[in-house]
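# Overview (structure and organization)
Below, each chain spelled out in residue letters.
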Amino acid sequence: QLRRSEIQGDVLIGLQKDVEFFIFFRIEDADAFKRVVRDHLADLVTTTEAVRSRELQIAAAKEAGDLERLPFVGFNLGFTHQGLGALVGEGGADGMDPSFMAGAAARAADLNDPAGQDGTLAWKPGFADGGIDGVFLLTGPLDCKDAVHPLLVEKRDDVLALAGGSISIVHEETGRVRPERGHEHFGFRDGISNPGVRGLTPNQNPADGDQGAPGQDLLWPGEFVFGYPVQDPEKPFTEPGDPPGLPQAWMRDGSYMVFRRLKQLVPEFDAFLDERGEALGLDPALLGARMVGRWKSGAPVMIAPLQDEPAIGGAPLLNNDFEFGSDPHQRRCPYAAHIRKTYPRDDLARLIPNGEGVVQTHRIMRAGIPFGPEVTEAEAESGTSAAERGLLFVCYQTSIVEQFEFIQKDWSNAPGFLFDQTRPGSDEAVEPGHDPIIGQASGAREMDEPVPNYPFGSRRSTLAMPNPFVVPDAAAYFFMPSIFALRTALSE
Ligand code: N7H
(Lines give C-alpha, C1' and ligand atoms only; values in the text may rest on other atoms or scores of the structure.)
Protein backbone atom coordinates (compact mmCIF):
# COMPACT_ATOMS: atom_id res chain seq x y z
CA GLN A 1 0.00 0.00 0.00
CA LEU A 2 1.48 3.35 -1.06
CA ARG A 3 1.51 5.94 1.73
CA ARG A 4 0.16 8.59 -0.59
CA SER A 5 -0.21 11.22 2.15
CA GLU A 6 3.51 10.96 2.95
CA ILE A 7 4.95 11.21 -0.59
CA GLN A 8 5.42 14.64 -2.19
CA GLY A 9 3.05 15.24 -5.07
CA ASP A 10 5.52 15.92 -7.87
CA VAL A 11 7.24 12.54 -7.52
CA LEU A 12 4.81 9.97 -8.88
CA ILE A 13 1.95 11.81 -10.56
CA GLY A 14 3.35 15.33 -10.98
CA LEU A 15 1.95 18.55 -9.58
CA GLN A 16 -0.55 20.04 -12.02
CA LYS A 17 1.33 22.95 -13.56
CA ASP A 18 0.96 25.64 -16.18
CA VAL A 19 3.62 27.61 -14.37
CA GLU A 20 6.35 26.47 -11.98
CA PHE A 21 8.62 28.57 -9.83
CA PHE A 22 11.91 26.97 -8.83
CA ILE A 23 13.46 28.82 -5.89
CA PHE A 24 16.99 27.61 -5.12
CA PHE A 25 18.13 28.66 -1.67
CA ARG A 26 20.88 28.51 0.88
CA ILE A 27 20.15 27.83 4.56
CA GLU A 28 21.44 30.79 6.60
CA ASP A 29 20.15 29.84 10.05
CA ALA A 30 19.57 26.09 10.37
CA ASP A 31 17.72 26.20 13.71
CA ALA A 32 15.35 28.92 12.55
CA PHE A 33 14.76 27.16 9.22
CA LYS A 34 14.02 23.84 10.97
CA ARG A 35 11.36 25.57 13.07
CA VAL A 36 9.77 26.96 9.91
CA VAL A 37 9.79 23.53 8.27
CA ARG A 38 8.31 21.81 11.32
CA ASP A 39 5.70 24.41 12.18
CA HIS A 40 4.67 25.57 8.70
CA LEU A 41 6.24 24.24 5.51
CA ALA A 42 5.61 20.52 6.23
CA ASP A 43 1.86 21.33 6.43
CA LEU A 44 1.92 23.23 3.15
CA VAL A 45 3.43 20.40 1.07
CA THR A 46 1.13 19.11 -1.67
CA THR A 47 1.06 15.33 -1.31
CA THR A 48 0.50 12.55 -3.82
CA GLU A 49 -2.90 12.02 -2.22
CA ALA A 50 -3.86 15.67 -2.87
CA VAL A 51 -2.72 15.49 -6.50
CA ARG A 52 -4.61 12.26 -7.01
CA SER A 53 -7.89 13.56 -5.58
CA ARG A 54 -7.45 16.59 -7.79
CA GLU A 55 -7.09 14.31 -10.83
CA LEU A 56 -10.25 12.45 -9.88
CA GLN A 57 -12.12 15.75 -9.40
CA ILE A 58 -11.05 16.97 -12.83
CA ALA A 59 -12.11 13.68 -14.44
CA ALA A 60 -15.51 13.86 -12.72
CA ALA A 61 -15.97 17.52 -13.72
CA LYS A 62 -15.13 16.69 -17.34
CA GLU A 63 -17.59 13.84 -17.34
CA ALA A 64 -20.28 16.17 -16.04
CA GLY A 65 -19.40 18.67 -18.78
CA ASP A 66 -18.24 21.16 -16.18
CA LEU A 67 -15.05 22.65 -17.50
CA GLU A 68 -14.62 25.32 -14.89
CA ARG A 69 -11.81 24.27 -12.59
CA LEU A 70 -10.76 25.69 -9.30
CA PRO A 71 -7.20 26.93 -9.47
CA PHE A 72 -4.84 24.42 -7.90
CA VAL A 73 -1.58 25.57 -6.39
CA GLY A 74 1.18 23.13 -5.41
CA PHE A 75 4.19 23.28 -3.14
CA ASN A 76 7.06 20.77 -2.77
CA LEU A 77 10.58 21.06 -1.40
CA GLY A 78 13.90 19.23 -1.49
CA PHE A 79 17.48 19.41 -0.24
CA THR A 80 20.93 18.81 -1.65
CA HIS A 81 23.24 16.56 0.35
CA GLN A 82 24.88 19.68 1.72
CA GLY A 83 21.48 21.05 2.76
CA LEU A 84 20.59 17.79 4.52
CA GLY A 85 23.92 18.06 6.35
CA ALA A 86 22.84 21.45 7.69
CA LEU A 87 19.61 19.88 8.99
CA VAL A 88 20.78 16.56 10.42
CA GLY A 89 24.38 17.31 11.31
CA GLU A 90 27.55 15.52 10.42
CA GLY A 91 27.11 11.87 9.47
CA GLY A 92 23.32 12.18 9.60
CA ALA A 93 22.98 11.84 5.83
CA ASP A 94 25.70 9.22 5.23
CA GLY A 95 25.26 6.17 3.02
CA MET A 96 23.00 7.85 0.46
CA ASP A 97 23.35 7.53 -3.34
CA PRO A 98 27.02 8.24 -4.19
CA SER A 99 26.17 10.68 -7.00
CA PHE A 100 23.69 12.50 -4.77
CA MET A 101 26.35 12.85 -2.08
CA ALA A 102 28.94 14.07 -4.61
CA GLY A 103 26.51 16.58 -6.14
CA ALA A 104 25.75 17.37 -9.78
CA ALA A 105 28.79 19.63 -10.31
CA ALA A 106 31.18 16.87 -9.25
CA ARG A 107 29.44 14.45 -11.64
CA ALA A 108 29.45 16.84 -14.63
CA ALA A 109 32.73 15.68 -16.23
CA ASP A 110 31.60 12.04 -16.15
CA LEU A 111 28.40 13.00 -17.97
CA ASN A 112 30.33 15.00 -20.61
CA ASP A 113 28.62 18.20 -19.51
CA PRO A 114 30.31 21.03 -21.41
CA ALA A 115 32.85 23.02 -19.42
CA GLY A 116 34.13 26.47 -20.35
CA GLN A 117 37.43 26.94 -22.13
CA ASP A 118 39.33 26.88 -18.85
CA GLY A 119 37.63 23.61 -17.90
CA THR A 120 35.25 25.15 -15.34
CA LEU A 121 31.50 24.74 -15.59
CA ALA A 122 29.84 27.85 -17.00
CA TRP A 123 26.72 27.21 -14.89
CA LYS A 124 24.23 29.63 -13.39
CA PRO A 125 25.36 31.19 -10.11
CA GLY A 126 25.43 28.85 -7.11
CA PHE A 127 25.23 25.61 -9.07
CA ALA A 128 28.91 24.95 -9.74
CA ASP A 129 30.25 26.14 -6.39
CA GLY A 130 28.11 24.30 -3.84
CA GLY A 131 25.99 27.34 -3.08
CA ILE A 132 22.64 25.53 -3.01
CA ASP A 133 21.10 23.75 -0.01
CA GLY A 134 17.53 23.34 -1.14
CA VAL A 135 14.76 24.08 -3.62
CA PHE A 136 11.13 25.13 -3.33
CA LEU A 137 8.85 24.07 -6.19
CA LEU A 138 5.69 26.15 -6.53
CA THR A 139 3.18 25.30 -9.23
CA GLY A 140 -0.10 26.71 -10.41
CA PRO A 141 -2.30 27.73 -13.32
CA LEU A 142 -2.33 30.67 -15.69
CA ASP A 143 -5.20 33.12 -15.27
CA CYS A 144 -7.74 33.95 -17.98
CA LYS A 145 -5.30 36.44 -19.52
CA ASP A 146 -2.48 33.88 -19.65
CA ALA A 147 -0.63 35.57 -16.80
CA VAL A 148 0.65 33.76 -13.71
CA HIS A 149 -2.37 33.19 -11.48
CA PRO A 150 -2.40 35.55 -8.46
CA LEU A 151 -2.95 32.59 -6.12
CA LEU A 152 0.43 31.18 -7.15
CA VAL A 153 2.18 34.50 -6.57
CA GLU A 154 0.49 34.69 -3.18
CA LYS A 155 1.66 31.19 -2.26
CA ARG A 156 5.23 32.04 -3.27
CA ASP A 157 5.13 35.20 -1.14
CA ASP A 158 3.71 33.25 1.80
CA VAL A 159 6.42 30.58 1.66
CA LEU A 160 9.19 33.17 1.41
CA ALA A 161 7.70 35.26 4.22
CA LEU A 162 7.53 32.17 6.47
CA ALA A 163 11.15 31.26 5.68
CA GLY A 164 12.20 34.86 6.26
CA GLY A 165 15.90 35.34 7.03
CA SER A 166 16.47 31.63 7.73
CA ILE A 167 17.32 31.22 4.03
CA SER A 168 18.65 33.36 1.21
CA ILE A 169 17.62 32.94 -2.42
CA VAL A 170 20.53 31.91 -4.65
CA HIS A 171 18.73 31.57 -7.98
CA GLU A 172 15.22 31.45 -9.41
CA GLU A 173 13.74 29.92 -12.54
CA THR A 174 10.24 30.07 -13.95
CA GLY A 175 8.89 27.28 -16.13
CA ARG A 176 5.78 27.79 -18.20
CA VAL A 177 3.78 25.72 -20.65
CA ARG A 178 4.11 26.85 -24.27
CA PRO A 179 1.14 28.31 -26.17
CA GLU A 180 1.22 24.98 -28.04
CA ARG A 181 0.32 23.15 -24.84
CA GLY A 182 2.02 19.86 -24.11
CA HIS A 183 4.76 20.50 -26.65
CA GLU A 184 8.36 21.32 -25.78
CA HIS A 185 10.37 24.02 -27.57
CA PHE A 186 11.52 21.90 -30.54
CA GLY A 187 7.80 21.43 -31.14
CA PHE A 188 7.42 17.75 -30.12
CA ARG A 189 4.62 16.54 -27.91
CA ASP A 190 6.11 15.71 -24.51
CA GLY A 191 4.83 14.04 -21.36
CA ILE A 192 3.52 11.01 -23.24
CA SER A 193 5.49 8.15 -21.77
CA ASN A 194 6.19 7.92 -18.06
CA PRO A 195 6.32 4.62 -16.20
CA GLY A 196 3.15 3.43 -14.49
CA VAL A 197 3.34 2.61 -10.78
CA ARG A 198 1.83 -0.52 -9.29
CA GLY A 199 -0.81 0.40 -6.73
CA LEU A 200 -1.30 3.90 -8.15
CA THR A 201 -1.69 3.99 -11.94
CA PRO A 202 -5.16 2.93 -13.09
CA ASN A 203 -5.16 -0.06 -15.42
CA GLN A 204 -6.67 1.09 -18.72
CA ASN A 205 -5.60 -2.04 -20.50
CA PRO A 206 -7.54 -4.92 -18.90
CA ALA A 207 -6.00 -7.36 -21.37
CA ASP A 208 -2.64 -6.85 -19.67
CA GLY A 209 -2.52 -6.73 -15.86
CA ASP A 210 1.03 -5.36 -15.89
CA GLN A 211 0.22 -2.24 -17.89
CA GLY A 212 -1.55 1.05 -17.15
CA ALA A 213 -2.31 2.63 -20.53
CA PRO A 214 -1.39 0.37 -23.47
CA GLY A 215 2.42 0.25 -23.70
CA GLN A 216 2.89 1.69 -20.20
CA ASP A 217 4.50 -0.98 -18.05
CA LEU A 218 3.61 -0.86 -14.36
CA LEU A 219 6.77 -0.71 -12.23
CA TRP A 220 7.42 -1.45 -8.57
CA PRO A 221 7.06 1.76 -6.56
CA GLY A 222 10.50 1.29 -4.96
CA GLU A 223 12.05 2.41 -8.26
CA PHE A 224 10.87 5.93 -7.42
CA VAL A 225 10.11 6.07 -3.69
CA PHE A 226 12.03 4.55 -0.79
CA GLY A 227 10.46 1.84 1.36
CA TYR A 228 8.70 -0.25 -1.33
CA PRO A 229 9.41 -3.32 -3.48
CA VAL A 230 11.84 -2.67 -6.34
CA GLN A 231 12.68 -4.25 -9.67
CA ASP A 232 15.26 -6.97 -9.05
CA PRO A 233 17.48 -7.22 -12.18
CA GLU A 234 17.57 -10.99 -11.68
CA LYS A 235 13.78 -11.32 -11.67
CA PRO A 236 11.13 -10.87 -14.38
CA PHE A 237 9.54 -7.47 -14.21
CA THR A 238 6.27 -8.96 -13.01
CA GLU A 239 7.86 -10.14 -9.73
CA PRO A 240 8.69 -7.79 -6.85
CA GLY A 241 12.19 -7.47 -5.45
CA ASP A 242 12.62 -6.88 -1.71
CA PRO A 243 12.69 -3.23 -0.59
CA PRO A 244 16.35 -2.38 -0.05
CA GLY A 245 17.50 -1.40 3.46
CA LEU A 246 17.65 2.33 4.11
CA PRO A 247 20.92 3.92 5.26
CA GLN A 248 18.81 6.54 7.07
CA ALA A 249 15.35 5.68 8.40
CA TRP A 250 14.01 9.14 7.43
CA MET A 251 14.52 8.34 3.72
CA ARG A 252 11.34 6.21 3.69
CA ASP A 253 8.71 7.70 1.36
CA GLY A 254 11.29 10.12 -0.07
CA SER A 255 12.77 10.31 -3.58
CA TYR A 256 15.80 11.78 -5.37
CA MET A 257 15.14 14.58 -7.81
CA VAL A 258 17.51 15.49 -10.65
CA PHE A 259 17.24 19.07 -11.89
CA ARG A 260 18.89 20.21 -15.11
CA ARG A 261 18.45 23.53 -16.91
CA LEU A 262 18.72 22.46 -20.54
CA LYS A 263 18.95 25.26 -23.07
CA GLN A 264 17.47 24.30 -26.44
CA LEU A 265 18.90 25.91 -29.55
CA VAL A 266 15.64 25.87 -31.47
CA PRO A 267 16.44 28.01 -34.57
CA GLU A 268 19.74 26.14 -34.93
CA PHE A 269 17.90 22.78 -34.65
CA ASP A 270 15.35 23.83 -37.28
CA ALA A 271 18.06 25.12 -39.64
CA PHE A 272 19.96 21.84 -39.19
CA LEU A 273 16.86 19.78 -40.10
CA ASP A 274 16.32 21.90 -43.24
CA GLU A 275 19.91 21.76 -44.36
CA ARG A 276 20.66 18.09 -43.55
CA GLY A 277 17.21 17.01 -44.70
CA GLU A 278 17.89 18.50 -48.12
CA ALA A 279 21.34 16.93 -48.30
CA LEU A 280 19.94 13.48 -47.40
CA GLY A 281 16.84 13.85 -49.60
CA LEU A 282 14.56 13.71 -46.58
CA ASP A 283 11.64 15.85 -45.51
CA PRO A 284 12.97 17.82 -42.50
CA ALA A 285 9.96 16.65 -40.47
CA LEU A 286 10.89 13.01 -41.15
CA LEU A 287 14.51 13.66 -40.17
CA GLY A 288 13.34 15.25 -36.90
CA ALA A 289 11.03 12.30 -36.25
CA ARG A 290 13.92 9.86 -36.84
CA MET A 291 16.05 11.78 -34.33
CA VAL A 292 13.39 11.80 -31.61
CA GLY A 293 11.58 8.52 -32.43
CA ARG A 294 8.28 10.40 -32.55
CA TRP A 295 6.71 12.97 -34.87
CA LYS A 296 5.91 16.39 -33.49
CA SER A 297 2.31 15.22 -33.04
CA GLY A 298 3.61 12.51 -30.69
CA ALA A 299 2.98 9.63 -33.12
CA PRO A 300 5.81 7.10 -32.69
CA VAL A 301 7.86 6.23 -35.81
CA MET A 302 7.45 2.56 -34.79
CA ILE A 303 3.77 2.96 -35.71
CA ALA A 304 4.06 5.73 -38.32
CA PRO A 305 7.48 5.17 -39.93
CA LEU A 306 7.23 7.43 -42.99
CA GLN A 307 4.38 9.87 -42.39
CA ASP A 308 2.96 11.59 -39.37
CA GLU A 309 -0.36 10.32 -38.09
CA PRO A 310 -1.60 13.15 -35.83
CA ALA A 311 -4.73 11.22 -34.82
CA ILE A 312 -2.42 8.66 -33.17
CA GLY A 313 -0.03 11.27 -31.75
CA GLY A 314 -2.68 12.85 -29.55
CA ALA A 315 -4.43 9.63 -28.46
CA PRO A 316 -3.17 8.35 -25.10
CA LEU A 317 -4.49 4.84 -25.72
CA LEU A 318 -2.63 4.58 -29.04
CA ASN A 319 0.48 6.75 -28.93
CA ASN A 320 2.55 4.60 -26.59
CA ASP A 321 1.44 1.15 -27.63
CA PHE A 322 4.60 -0.23 -29.22
CA GLU A 323 7.84 -2.12 -28.58
CA PHE A 324 11.14 -2.06 -30.48
CA GLY A 325 11.85 -5.81 -30.69
CA SER A 326 9.94 -6.07 -33.98
CA ASP A 327 12.44 -3.63 -35.52
CA PRO A 328 15.84 -5.29 -34.97
CA HIS A 329 17.41 -3.51 -37.98
CA GLN A 330 16.27 0.03 -37.14
CA ARG A 331 14.15 0.25 -40.28
CA ARG A 332 11.30 1.99 -38.48
CA CYS A 333 13.20 3.67 -35.66
CA PRO A 334 16.95 4.37 -35.44
CA TYR A 335 18.69 2.72 -32.49
CA ALA A 336 19.93 6.16 -31.48
CA ALA A 337 16.55 7.94 -31.59
CA HIS A 338 16.00 9.78 -28.31
CA ILE A 339 13.15 7.58 -27.08
CA ARG A 340 14.87 4.31 -28.10
CA LYS A 341 18.08 5.29 -26.28
CA THR A 342 16.37 6.53 -23.13
CA TYR A 343 13.91 3.62 -22.86
CA PRO A 344 14.79 0.74 -25.17
CA ARG A 345 11.68 -1.21 -24.07
CA ASP A 346 12.05 -4.86 -25.18
CA ASP A 347 15.27 -4.27 -27.18
CA LEU A 348 17.32 -5.53 -24.25
CA ALA A 349 15.28 -8.73 -24.11
CA ARG A 350 16.91 -9.93 -27.30
CA LEU A 351 20.37 -8.79 -26.26
CA ILE A 352 20.88 -9.82 -22.62
CA PRO A 353 19.38 -12.35 -20.17
CA ASN A 354 16.28 -11.03 -18.37
CA GLY A 355 16.57 -7.87 -20.52
CA GLU A 356 12.95 -6.94 -19.81
CA GLY A 357 13.62 -6.89 -16.05
CA VAL A 358 16.99 -5.16 -16.39
CA VAL A 359 15.63 -2.27 -18.48
CA GLN A 360 13.09 -1.48 -15.75
CA THR A 361 15.92 -0.79 -13.29
CA HIS A 362 16.90 2.21 -15.44
CA ARG A 363 13.63 4.14 -15.63
CA ILE A 364 12.88 7.67 -14.45
CA MET A 365 9.71 9.61 -13.66
CA ARG A 366 9.91 12.86 -15.68
CA ALA A 367 8.25 16.07 -14.48
CA GLY A 368 9.95 18.93 -16.36
CA ILE A 369 8.50 22.11 -17.84
CA PRO A 370 9.65 24.45 -20.65
CA PHE A 371 11.17 27.86 -19.95
CA GLY A 372 11.85 30.93 -22.06
CA PRO A 373 10.05 32.82 -24.81
CA GLU A 374 8.81 31.58 -28.18
CA VAL A 375 11.23 31.85 -31.13
CA THR A 376 10.96 35.24 -32.85
CA GLU A 377 10.78 35.72 -36.59
CA ALA A 378 14.27 37.25 -36.56
CA GLU A 379 15.69 34.22 -34.75
CA ALA A 380 13.95 31.82 -37.13
CA GLU A 381 15.24 33.70 -40.17
CA SER A 382 18.80 33.92 -38.93
CA GLY A 383 18.89 30.35 -37.58
CA THR A 384 20.47 31.71 -34.41
CA SER A 385 19.10 31.90 -30.85
CA ALA A 386 19.01 35.38 -29.36
CA ALA A 387 17.13 34.44 -26.19
CA GLU A 388 17.53 31.53 -23.76
CA ARG A 389 14.81 28.88 -23.89
CA GLY A 390 14.61 25.18 -23.19
CA LEU A 391 13.55 22.65 -20.62
CA LEU A 392 13.72 22.76 -16.83
CA PHE A 393 14.30 19.02 -16.75
CA VAL A 394 13.17 17.25 -13.58
CA CYS A 395 13.14 13.51 -12.91
CA TYR A 396 12.57 11.31 -9.86
CA GLN A 397 14.16 8.00 -8.89
CA THR A 398 15.63 6.06 -5.96
CA SER A 399 19.08 5.73 -7.55
CA ILE A 400 20.62 8.64 -9.45
CA VAL A 401 23.51 6.35 -10.43
CA GLU A 402 21.33 3.59 -11.92
CA GLN A 403 18.55 5.72 -13.29
CA PHE A 404 19.19 9.32 -14.52
CA GLU A 405 22.97 9.00 -14.83
CA PHE A 406 22.80 5.54 -16.36
CA ILE A 407 20.43 6.76 -19.07
CA GLN A 408 22.48 9.89 -19.79
CA LYS A 409 25.90 8.29 -19.69
CA ASP A 410 25.58 4.61 -20.58
CA TRP A 411 22.83 4.96 -23.13
CA SER A 412 22.45 8.48 -24.60
CA ASN A 413 26.15 9.44 -24.56
CA ALA A 414 27.42 5.97 -25.53
CA PRO A 415 27.71 5.52 -29.31
CA GLY A 416 27.99 1.74 -28.85
CA PHE A 417 24.59 1.28 -27.18
CA LEU A 418 22.41 -0.58 -28.38
CA PHE A 419 25.32 -2.95 -28.77
CA ASP A 420 26.03 -5.95 -30.95
CA GLN A 421 23.96 -4.78 -33.88
CA THR A 422 24.69 -5.97 -37.37
CA ARG A 423 23.51 -4.86 -40.79
CA PRO A 424 20.63 -6.88 -42.22
CA GLY A 425 21.96 -9.88 -44.13
CA SER A 426 25.59 -9.40 -43.11
CA ASP A 427 27.86 -9.65 -40.09
CA GLU A 428 29.08 -6.10 -40.43
CA ALA A 429 28.75 -4.33 -37.08
CA VAL A 430 26.73 -1.14 -36.80
CA GLU A 431 27.49 1.59 -34.31
CA PRO A 432 24.18 3.26 -33.34
CA GLY A 433 25.79 6.58 -32.41
CA HIS A 434 24.74 9.33 -29.99
CA ASP A 435 21.24 10.26 -28.89
CA PRO A 436 20.86 13.32 -31.16
CA ILE A 437 18.76 15.22 -28.61
CA ILE A 438 20.67 14.80 -25.33
CA GLY A 439 23.73 12.66 -26.16
CA GLN A 440 26.87 14.49 -25.03
CA ALA A 441 30.38 13.82 -26.33
CA SER A 442 33.73 15.43 -25.81
CA GLY A 443 34.34 15.06 -29.57
CA ALA A 444 32.16 14.57 -32.67
CA ARG A 445 28.58 13.32 -32.45
CA GLU A 446 27.08 11.04 -35.04
CA MET A 447 23.88 9.04 -35.44
CA ASP A 448 23.41 5.95 -37.61
CA GLU A 449 20.70 5.58 -40.26
CA PRO A 450 18.85 8.89 -40.37
CA VAL A 451 17.32 7.68 -43.67
CA PRO A 452 14.66 5.03 -43.12
CA ASN A 453 15.29 1.65 -44.75
CA TYR A 454 11.59 0.98 -44.51
CA PRO A 455 10.13 -1.51 -45.35
CA PHE A 456 13.26 -3.02 -46.94
CA GLY A 457 16.49 -1.68 -48.31
CA SER A 458 20.13 -1.55 -47.39
CA ARG A 459 21.09 2.04 -47.99
CA ARG A 460 23.65 3.21 -45.44
CA SER A 461 23.43 6.68 -44.02
CA THR A 462 24.94 8.57 -41.11
CA LEU A 463 24.15 11.94 -39.62
CA ALA A 464 27.02 14.08 -38.38
CA MET A 465 25.92 16.53 -35.69
CA PRO A 466 28.77 18.97 -35.19
CA ASN A 467 27.03 21.04 -32.52
CA PRO A 468 24.68 20.00 -29.73
CA PHE A 469 21.11 21.33 -29.78
CA VAL A 470 20.67 20.94 -26.02
CA VAL A 471 23.14 22.59 -23.65
CA PRO A 472 23.00 22.21 -19.86
CA ASP A 473 23.87 25.33 -17.89
CA ALA A 474 22.77 24.40 -14.37
CA ALA A 475 22.19 21.13 -12.54
CA ALA A 476 21.60 19.96 -8.99
CA TYR A 477 20.58 16.77 -7.19
CA PHE A 478 17.95 16.96 -4.44
CA PHE A 479 16.24 14.63 -1.97
CA MET A 480 12.47 15.15 -1.60
CA PRO A 481 11.65 13.90 1.91
CA SER A 482 8.37 12.49 3.20
CA ILE A 483 6.05 14.76 5.16
CA PHE A 484 6.85 12.71 8.28
CA ALA A 485 10.61 13.21 7.82
CA LEU A 486 10.07 16.97 7.39
CA ARG A 487 8.10 17.06 10.64
CA THR A 488 10.53 14.92 12.62
CA ALA A 489 14.10 13.79 11.80
CA LEU A 490 14.92 16.69 9.46
CA SER A 491 13.61 19.43 11.72
CA GLU A 492 14.45 18.26 15.26
FE1 N7H B 1 13.48 13.31 -23.34
N2 N7H B 1 12.40 16.09 -27.17
O3 N7H B 1 11.64 17.00 -27.31
O4 N7H B 1 13.05 15.65 -28.11
N5 N7H B 1 11.90 13.37 -24.65
N6 N7H B 1 14.00 15.19 -23.90
N7 N7H B 1 14.95 13.32 -21.92
N8 N7H B 1 12.89 11.52 -22.70
C9 N7H B 1 10.93 12.42 -24.76
O10 N7H B 1 7.51 10.07 -24.59
C11 N7H B 1 13.51 15.92 -24.96
C12 N7H B 1 15.78 14.35 -21.61
C13 N7H B 1 13.52 10.73 -21.75
O14 N7H B 1 9.27 6.12 -22.37
C15 N7H B 1 10.02 12.78 -25.80
O16 N7H B 1 6.84 11.68 -23.28
C17 N7H B 1 14.18 17.20 -24.99
C18 N7H B 1 16.74 13.93 -20.63
C19 N7H B 1 12.76 9.51 -21.50
O20 N7H B 1 9.46 6.01 -24.52
C21 N7H B 1 10.47 13.96 -26.33
C22 N7H B 1 15.05 17.22 -23.93
C23 N7H B 1 16.47 12.61 -20.35
C24 N7H B 1 11.67 9.59 -22.34
C25 N7H B 1 11.68 14.34 -25.63
C26 N7H B 1 14.94 15.95 -23.26
C27 N7H B 1 15.32 12.25 -21.15
C28 N7H B 1 11.77 10.85 -23.07
C29 N7H B 1 8.79 11.99 -26.25
C30 N7H B 1 16.00 18.28 -23.48
C31 N7H B 1 17.14 11.66 -19.40
C32 N7H B 1 10.53 8.58 -22.44
C33 N7H B 1 7.60 12.29 -25.40
C34 N7H B 1 15.87 19.54 -23.74
C35 N7H B 1 18.43 11.55 -19.25
C36 N7H B 1 10.87 7.47 -23.40
C37 N7H B 1 7.30 11.25 -24.34
C38 N7H B 1 9.78 6.45 -23.43
C39 N7H B 1 10.83 11.27 -23.99
C40 N7H B 1 12.51 15.44 -25.89
C41 N7H B 1 15.69 15.60 -22.17
C42 N7H B 1 14.70 11.01 -21.11
C43 N7H B 1 9.77 14.67 -27.48
C44 N7H B 1 13.99 18.33 -25.98
C45 N7H B 1 17.86 14.78 -20.04
C46 N7H B 1 13.11 8.40 -20.52
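Our subject in this report is the structure included herewith.

### Considerations on unusual backbone geometry
Here the amide bond leading from Phe417 into Leu418 is cis, since omega sits at 0°, within 30 degrees of zero. Structurally, Leu418 is set in the loop between α14 (404-412) and β13 (421-422). Here the amide bond leading from Tyr454 into Pro455 is cis, since omega sits at 0°, within 30 degrees of zero. In this structure, Pro455 sits in the loop between β15 (446-448) and β16 (462-464). In this model, Asp146 sits at a positive phi of 65°, which is unusual for a non-glycine residue. Relative to the helices and strands, Asp146 is located in the loop between β3 (134-140) and α7 (150-163). We classify Asp146 as partly exposed; its relative accessible area is 49%. The phi dihedral of Glu449 falls on the positive side, at around 60°, and the residue is not glycine.

### What about the pairing of strand β12 (residues 390-397)?
The two faces of a sheet get side chains in turn, since along a regular strand they alternate between them. β12 sits mainly inside the fold: 8 of its 8 residues count as buried. For strand β9 (residues 255-264) and β12, the ladder comprises 8 bridges, and the chain directions are antiparallel. Across the sheet, the residue bridging to Val258 is Cys395, located in β12. By the bridge criterion, 2 bridges tie strand β10 (residues 365-366) to β12 in an arrangement that is antiparallel. By the bridge assignment for β12, Arg366 is matched with Cys395. Here strand β11 (residues 369-371) pairs with β12 via 3 bridges, running antiparallel. Opposite Pro370, over in β12, you have Leu391 as the bridge partner.

### Overview of the packing of aromatic side chains
What the rule picks out here adds up to 23 aromatic pairs. With a centroid separation of 5.4 Å and 85° between ring planes, the pair formed by Phe406 and Trp411 is classed as edge-to-face. Judged by relative accessible area, Trp411 falls into the buried class, the value being 3%. The structure contains a cluster of three or more aromatic residues connected by ring pairs, namely Phe22, Phe24, Phe127, Phe259 and Phe478. Of note, Arg198 hangs over the ring of Trp220, and the distance from its end group to the ring centre comes to 4.1 Å. A cation sits over an aromatic face here: Arg363 above Tyr343, 3.4 Å from the ring centre.

### Things to note about the coordination of the iron atom of the ligand
There is one protein donor for the iron atom of the ligand, and it is His338 (NE2), at 2.1 Å. Examined against the element boundaries, His338 turns out to sit in helix α11 (residues 338-342).

### Structural notes on the site of the ligand
The ligand sits among 27 residues. The nearest are Ile192, Ser193, His338, Arg345 and Arg366. Contact distances for the ligand include 3.2 Å between an oxygen atom and a backbone N or O atom of Gly191. Classifying every residue of the shell around the ligand gives 15 nonpolar, 6 polar and 6 charged.

Conventions we followed
Residues numbered from 1 in each chain as written. Predicted model: local features only at pLDDT ≥ 70, side-chain atom pairs only at ≥ 80, totals over all residues. Heavy atoms only, no water. Helix = DSSP H or I, 4+ residues; strand = E, 2+ residues; numbered from the N terminus. Buried < 20%, exposed > 50% of the residue type's maximum accessible area, 1.4 Å probe, protein only. Pairing = 2+ DSSP bridges. Phe/Tyr/Trp six-rings, centres within 6.5 Å; stacked < 30°, edge-to-face > 60°. Lys NZ or Arg CZ within 6 Å of the ring centre and 35° of its normal. Donors = N, O, S within 2.8 Å, 3.2 Å for Na, K, Ca; no water. Near = heavy atom within 4 Å. Polar contact = N/O pair within 3.5 Å; in protein donor to acceptor, adjacent residues only side chain to side chain. Nonpolar A, V, L, I, M, F, W, Y, C, P; charged D, E, K, R; others polar.

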